[in-house]
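Chain by chain, the residues run as shown.
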Amino acid sequence: MPLVYLIPVLSEELRVNIAVAGTGYVGLSLAVLLAQCNDVTAVDVVPQKVSLINGGKSPIADPEIESFLARGDLQLTATLDGKMAYRRADLVVIATPTNYDPEKNFFDTSLVEQVVEFVLDVHPEAVMVIKSTVPVGYTKSLTEKYPQGKFLFSPEFLREGRALYDNLHPSRIIVGVPSESVFEGELQIAARQFADLLIEGAQDKDIPTLIMRATEAEAVKLFANTYLALRVAYFNELDTYASVRDLDAAAIIEGVGLDPRIGDHYNNPSFGYGGYCLPKDTKQLLANYNDVPQNLIGAIVEANRTRKDYIAHEVVRRVEELRRQGVNEPVVGIYRLTMKSGSDNFRASSIQGIMRRLADEGITCIVYEPTLTASTFAGCDVVTDLDAFTRQAHLVVANRWNDELDSVGDRLFTRDLFRRD
Ligand SMILES: NC(=O)c1ccc[n+]([C@@H]2O[C@H](COP(=O)([O-])OP(=O)(O)OC[C@H]3O[C@@H](n4cnc5c(N)ncnc54)[C@H](O)[C@@H]3O)[C@@H](O)[C@H]2O)c1
């Protein structure tokens with residue numbers, strides 16, 4: 001049974017030497033959070049990120065990270081020198097990428113292990129907290145492979161673009177302890193201390209905190225993200241039904257959401273769930289089910305493909321209609337590659353799945369994406385001027401609405417019914 005308790009506000013000052021491996025959304029937000037009260041060294045392999053952070057600038061778009069770094073009162077240094085940082089750290093937070101490897105049908109955890117081996121080499125006593133999302137059972141296997149290592153796993157629940165905000169106001173803090181470790185007793189205390197450090201840096205103080213086994217903590221992360229994917233897929237499938245049957249999807253969703261057990265949130269149709277985490281985390285959970293009966297988890301992954309097929313089919317139908325009206329080579333304008341308005345990255349965004357399907361149909365696309373510097377993307381011309389873009393496109397396809405699309409009128413195709421994420 002996991003132990004559940006609310007940790008009181010820390011009364012004594014406790015400065016810890018912390019190294020954070022990886023300065024992406026997870027690593028940088030945690031580095032900033034922890035550097036309010038501790039000495040933090042953030043390690044990355046990209047020199048540009050390191051120099052931006054040392055210059056008080058954020059390499060990612062995140063209002064809270066930007067303002068905390070600009071204030072200049074954090075005990076935070078960034079470095080490329082992992083050896084130096086890990087050697088003097090009591091605590092190493094690992095926030096390196098764990099991309100899904102389609103060949104192995106599993107996460108590629110090699111970058112986490114790279115850091116683990118580095119730490120074991122220069123400072124084996126350090127406690128390593130894995131914040132990267134990992135397969136269920138990963139920390140157990142790591143503990144068996146490196147019995148001399150002191151590992152904890154703590155799932156991260158932040159949203160990109162609100163990364164520091166979500167750590168200042170966390171929904172919960174979970175720390176997992178591998179029960180297989182010879183250091184289990186010591187790690188139970190370290191888990192509590194790590195949770196205390198997160199609470200110390202947070203602006204909320206009554207934060208539900210769970211200490212549990214590492215394997216369950218890993219499962220929490222994958223099941224939480226898969227539930228979010230399920231919810232997106234559910235409302236998208238509702239929207240597909242309504243569109244095909246010529247019904248008002250917004251009215252149906254509003255009526256459904258008024259049931260307090262369902263709620264009026266996270267229900268805005270889109271071109272599919274996407275971004276860095278949901279596609280890979282759902283696939284990883286499905287892989288973890290290999291010899292366990294299931295229907296739903298596989299169906300969620302499948303439903304996202306079906307939704308993108310449907311959206312692409314609807315765009316193709318409109319292009320064919322334009323051809324019938326005498327437009328020889330209709331041009332489809334792809335408005336933004338990002339998943340959400342306000343985002344600065346488009347890793348695995350669903351609109352790219354639509355673009356691939358349109359390319360297979362031989363349809364000409366142009367892209368409007370202000371964060372792009374290249375002149376082409378995925379075989380499509382990038383148009384940097386919005387007016388020129390909307391003039392050239394016979395049909396504009398947008399996963400998310402923006403007021404600047406007002407002038408496009410009925411040439412716009414979107415399923416963003418509520419004009420929010
Ligand atoms: N992005 C999210 O919303 C989110 C939320 C929860 C969990 N996660 C998980 O956290 C992990 C990191 O995600 P992210 O979005 O912060 O990734 P990211 O790609 O934004 O950042 C990862 C950083 O690690 C650096 N890096 C790579 N190899 C390194 C090494 N050997 N040593 C030091 N740094 C190294 C990269 O240069 C990069 O700056 C992933 O496992 C992800 O699934 C992400």
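Because the structure is a prediction, the values reported are computed rather than measured.

(A) Spotlight on the UniProt feature "active site" (unreviewed entry) in the protein chain. Following the UniProt record, one finds the feature "active site" (unreviewed entry) at Cys277. Inspection of the secondary structure assignment puts Cys277 in the loop between α10 (249–257) and α11 (278–288). Residue class for Cys277 comes out partly exposed when judged on its relative accessible area of 28%.

(B) Looking closely at the sheet that holds strand β16 (residues 395–398). Taken together, six strands build an open sheet; the order of strands is β14-β15-β13-β12-β16-β17 and the sheet is mixed. The outermost strands of the open sheet, each flanked by one partner alone, are β14 (376–377) and β17 (412–413). Bridging between β14 and strand β15 (residues 380–382) involves two bridges; their strand directions are antiparallel. Note on β15: the bridge partner recorded for Thr376 is Asp381.

(C) Focus on the pattern of salt bridges. Per the counting criterion, the structure on display carries 23 salt bridges. With its nearest N and O atoms 3.3 Å apart, the salt bridge here joins Lys131 to Glu156. Note that Lys131 is positioned in the loop between β8 (127–130) and α6 (138–145) and Glu156 in the loop between β9 (150–153) and α7 (163–168), a separation of 25 residues in sequence. One exposure class covers both Lys131 and Glu156, and it is buried. Put simply, Glu216 and Arg213 hold a salt bridge, and the shortest N to O gap is 2.8 Å. Judged by relative accessible area, which is 45%, Arg213 ranks as partly exposed. Several salt bridges share partner residues, and in doing so they unite Asp239, Arg307 and Arg415 into one network.

What counts, and where the lines are drawn
- Residues numbered from 1 in each chain as written.
- Predicted model: local features only at pLDDT ≥ 70, side-chain atom pairs only at ≥ 80, totals over all residues.
- Heavy atoms only, no water.
- UniProt positions renumbered as here; feature names shortened; annotations may be inferred.
- Helix = DSSP H or I, 4+ residues; strand = E, 2+ residues; numbered from the N terminus.
- Buried < 20%, exposed > 50% of the residue type's maximum accessible area, 1.4 Å probe, protein only.
- Pairing = 2+ DSSP bridges.
- Salt bridge = Lys/Arg side-chain N within 4 Å of Asp/Glu carboxyl O.

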